[in-house]
Amino acid sequence: RDGQRGTIADKTRALMVLYLTKPSMSAPQVQGLIDALQASNGDVSGMEYLQRLSSIRNMTAPTLVPVPGAPAAAAPGPAGGAAALVGGALGGLGFLGDRLR
């Protein structure tokens, strides 16, 4: 808010450190700070990258452990064990796995 304190690069670094150390910040709070940085002609690409990494980190990986009620993985076919592994992983994804098979 005070245009006389720190450079734009300092403010960008401070925002990135805040984002990394305070994961409990709400999305509207983070977006407000990003908007303020952008309004000051700051480069927000670093924050976009951190948000992307955060969203990837928060994804859950499909499990290779059998899920109760999920169809059993197919026996290895001509492609070998890799086909069974992919089939098992996709089986845990439900309808998405069925569409990708």
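Just above, that's the structure.
Report follows, based on the coordinates.

### Some thoughts on unusual backbone geometry
- Of note in this structure, Asn-41 is not a glycine but carries a positive phi near 65°.
- Note on placement: Asn-41 falls in the loop between helix 2 (27-39) and helix 3 (45-57).
- Looking at Asn-41, the relative accessible area reads 69%, which means it is exposed.

### Some points on the pattern of salt bridges
- The final tally for this structure, using the stated rule, is 1 salt bridge.
- Here Asp-10 makes a salt bridge to Arg-13, at a shortest N to O gap of 2.5 Å. Within this pair, Asp-10 and its partner Arg-13 are both found in helix 1 (residues 8-21), separated by 3 residues, close to a single helical turn.

### Digging into the packing of helix 1 against helix 2
- The interhelical angle for the contact between helix 1 and helix 2, taken along N-to-C directions, is 170°, at an axis separation of 11 Å. The angle between the axes of helix 1 and helix 2 places the two elements in the roughly antiparallel class. Residue-level contacts link Ile-8, Lys-11, Thr-12, Leu-15, Leu-18 and Tyr-19 of helix 1 to Val-30, Leu-33, Ile-34 and Leu-37 of helix 2.
- Looking at the contact of helix 1 with helix 2 residue by residue, the classes come out as 8 nonpolar, 1 polar and 1 charged.

### Description of the packing of helix 1 against helix 3
- Between helix 1 and helix 3, the least distance of the axes is 10 Å, while the angle of their chain directions is 15°. For the element pair helix 1 / helix 3, the angle class is roughly parallel. Considering only the axes of helix 1 and helix 3, their crossing is right-handed. Contacts between helix 1 and helix 3 involve Leu-15, Met-16, Tyr-19 and Leu-20 on the former and, on the latter, Gly-46, Met-47, Leu-50, Gln-51 and Ser-54.
- When its residues are assigned to classes, the contact of helix 1 with helix 3 shows 6 nonpolar, 3 polar and no charged.

Thresholds, definitions, all that
- Residues numbered from 1 in each chain as written.
- Predicted model: local features only at pLDDT ≥ 70, side-chain atom pairs only at ≥ 80, totals over all residues.
- Heavy atoms only, no water.
- Helix = DSSP H or I, 4+ residues; strand = E, 2+ residues; numbered from the N terminus.
- Buried < 20%, exposed > 50% of the residue type's maximum accessible area, 1.4 Å probe, protein only.
- Salt bridge = Lys/Arg side-chain N within 4 Å of Asp/Glu carboxyl O.
- Axes fitted to C-alpha atoms, helices over the stretch in contact; angles between N-to-C directions.
- Parallel < 35°, antiparallel > 145°, perpendicular 65-115°, else oblique.
- Contact = heavy atoms within 4.5 Å.
- Nonpolar A, V, L, I, M, F, W, Y, C, P; charged D, E, K, R; others polar.
- Left-handed = near helix turned anticlockwise from the far one by under 90°.

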